[in-house]
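Notes for the structure review
For reference, the chains in residue letters:
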Amino acid sequence: MKIFKLAAIDIGSNAIRLLIHNIIEAKDKKTEFRKSSLVRVPIRLGEDSFTVGEISDRNIERMIDAMKAFKLLMNVNGVDSYMACATSAIREANNGYEVVEKIRNEAGINIEVIDGKKEAAIIASTDLKELINNDQAYLYIDVGGGSTEFTVFSEGKLIASKSFKIGTVRLLNDMVGVKVWNQLEEWIKLYTKDLVKVSIIGSGGNINKLHKMSGRKIGEPLSYIWLNAQYHFLESMSYEDRVSELGLNQDRADVIIPATRVFLSAAKWSGAKKIHVPKIGLSDGMIKTLYQKNKESI
């Protein structure tokens, strides 16, 4: 038996995460990926990048502190290899690449800035295909702070994939126009119009939280009817009540509403009645990508 540790650092528009996995390889057995630790830091980079066009000095310092802490956590956990990716907030900031270089110099963390296409490809390297039945059609949706990735599967095959600049932080700041919503609607209808019984597979912190709030068992999907009712319930509450009465984190209590809107809109346009929530996302895909890249050298 061989056991080693891999880590993924996901620098998103709403939060930054460190995910550590134990990888267990045993003879004549399937490689096991076991989550060891997850640390989430609520640094909302998208609020800088999407509104003023660059990451603020304060958030640069917070990022450097977070990366130094992540490096220490990886060291004490005995991580063998890591992968760090930054998405739309860093990609679109005028000083994004300067920030990446500053973090490399001061915290010793190498960050790759990825586009929406690569983000979707990394997510697709998760256990997503194992969840897909060949006799059904699926619309996979990963809602982020700056963008949302959409992928259509039919008969077990990837039909189409596209990233749209419809993210929760953008929506909160009224930065998504009618034109972008219309483009998304057209795209979803185009690739799902001939498909029968489309179901949604959702990922991201917001849909995971919604599934937990529903009280459903792991593996049991959310219904469109429940999600729609929950959307109106959340919208009727003040931000303060969502934090105090529902126990939502401060940086979750606002973005959960626009995230739910994205899922409801996609369900309406695709005709989906069920939303499966397997709790996978970019950081999980990064672990799988890193494993494939390094398995011979570790």
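For the structure itself, consult the block above.
For the structure given in this document, a descriptive report is provided here. (Residues numbered from 1 in each chain as written. Predicted model: local features only at pLDDT ≥ 70, side-chain atom pairs only at ≥ 80, totals over all residues. Heavy atoms only, no water.)

Some words on the sheet that holds strand β5 (residues 112-113)
Stated precisely, the cut-off is as follows: Should DSSP find at least two bridges between two strands, the strands are taken to pair. A helix here means a DSSP run of H or I that spans at least four residues, while a strand means a run of E at least two residues long, and both kinds are numbered starting from the N terminus. Note on definitions: a residue-residue contact is assigned when non-hydrogen atoms from the two residues lie within 4.5 Å. Whenever a helix is involved, its axis is fitted only over the stretch in contact; in every case the axis is a line through C-alpha atoms, and angles between N-to-C directions fall within 0 to 180 degrees.
Spatially, β3-β2-β1-β4-β5 is the arrangement adopted by the five strands of the open sheet, whose pairing is mixed. Looking at strand neighbours, the two that pair on one side only are β3 (32-41) and β5, the edges of this open sheet. Helix α2 (residues 57-77) rests against β1 (2-11), β2 (16-25), β3 and β4 (81-86) of the sheet, and its axis sits at about 15 degrees to β2.

Brief notes about helix α9 (residues 224-236)
What counts, and what does not: For a helix, the expected span equals 1.5 Å multiplied by the residue count minus one. In this scheme, a residue with accessible area under 20% of its type's maximum is buried, one over 50% is exposed, and one in between is partly exposed, where area comes from a 1.4 Å probe on protein chains only. Taken from the helix axis, the directions to the C-beta atoms give the arc we talk about.
End to end, α9 covers 18 Å across 13 residues, agreeing with the expected 18 Å (1.5 Å per residue, within 8%). Here α9 has its buried residues at W226, L227, Q230, Y231 and L234. For α9, the angular spread of the buried residues around the axis is 140 degrees, confining them to a single face. The outward face of α9, more than 90 degrees from its buried face, is lined by the exposed residues I225 and S236. Elements in contact with the buried residues of α9: α8 (205-214), β10 (222-223), α10 (239-244), α11 (256-270) and β11 (274-276).

Observations concerning a nonpolar patch on the surface
This is how it is decided: Here, patches come from residues exposed beyond 30% relative accessible area and free of salt bridges, joined within 9 Å for like charges and within 5 Å for nonpolar side chains (Val, Leu, Ile, Met, Phe, Trp, Tyr). Residue exposure ignores everything except the shown protein chains as possible cover, and the areas themselves are Shrake-Rupley values with a 1.4 Å probe. Salt bridge, as applied in this entry: a Lys or Arg side-chain nitrogen positioned within 4 Å of an Asp or Glu carboxyl oxygen.
Among the surface-exposed residues, I159, L190 and Y191 lie close enough to one another that they form a single nonpolar patch of about 260 Å² accessible area. Along the chain, Y191 turns up in helix α7 (residues 178-192). Judged by its relative accessible area of 32%, Y191 is partly exposed.

Thoughts on the pattern of salt bridges
Counted by the stated rule, this structure contains 11 salt bridges. With a shortest N-O distance of 2.5 Å, E101 and R104 are connected by a salt bridge. You can see E101 and its partner R104 sitting in helix α4 (residues 96-107), three residues apart, about one turn around the helix. Residue classification places E101 among the partly exposed positions, given a relative accessible area of 34%.

Some details on the pairing of β3
Note: β2 against β3, nine bridges, orientation antiparallel. Within β3, the position partnered with H21 by the bridge is K35. Taking the residues between adjacent antiparallel strands as the criterion, β2 and β3 are bridged by six residues, where D28 takes a positive phi near 65 degrees.

Quick notes on the nonpolar core
The test is simple: In these notes, a set of buried Ala, Val, Leu, Ile, Met, Phe, Trp, Tyr and Cys residues joined through side-chain atoms within 4.5 Å is what counts as a nonpolar core.
Counting residues in hydrophobic clusters, the biggest one holds 38 residues, and the most contacted among them are L139, F150 and I200. For this core, the elements supplying multiple residues, two or more each, are β6 (137-143), β7 (148-154), β8 (157-164), α7, β9 (198-203), α8, α9 and α11. Each residue touching L139, except ones within four places of it in the same chain, is listed here: F150, T151, V152, W187, I188, V198, S199, I200, I201, A266 and S270. By size, the runner-up hydrophobic cluster in this structure holds 31 residues, among which are A7, I43, V79 and V100.

Looking at the side chain of R252
For clarity, the cut-off: In this tally Asp and Glu are treated as negative and Lys and Arg as positive; neither His nor the chain ends contributes. A 3.5 Å cut-off defines polar contacts: any pair of N or O atoms within that distance qualifies, except that in protein one atom must be a possible hydrogen donor and the other a possible acceptor, and neighbouring residues in sequence count only when both atoms are side-chain atoms.
Within the secondary structure layout, R252 lies in the loop between α10 and α11. Among buried charged residues, R252 stands out as having no salt bridge; its nearest opposite-charge side chain is D251, 5.9 Å away. One polar contact links R252 to N206, side chain to side chain, over a distance of 3.1 Å. Ignoring anything within four residues of it in the chain, the contact list for R252 reads N14, R40, G205, N206 and K209.

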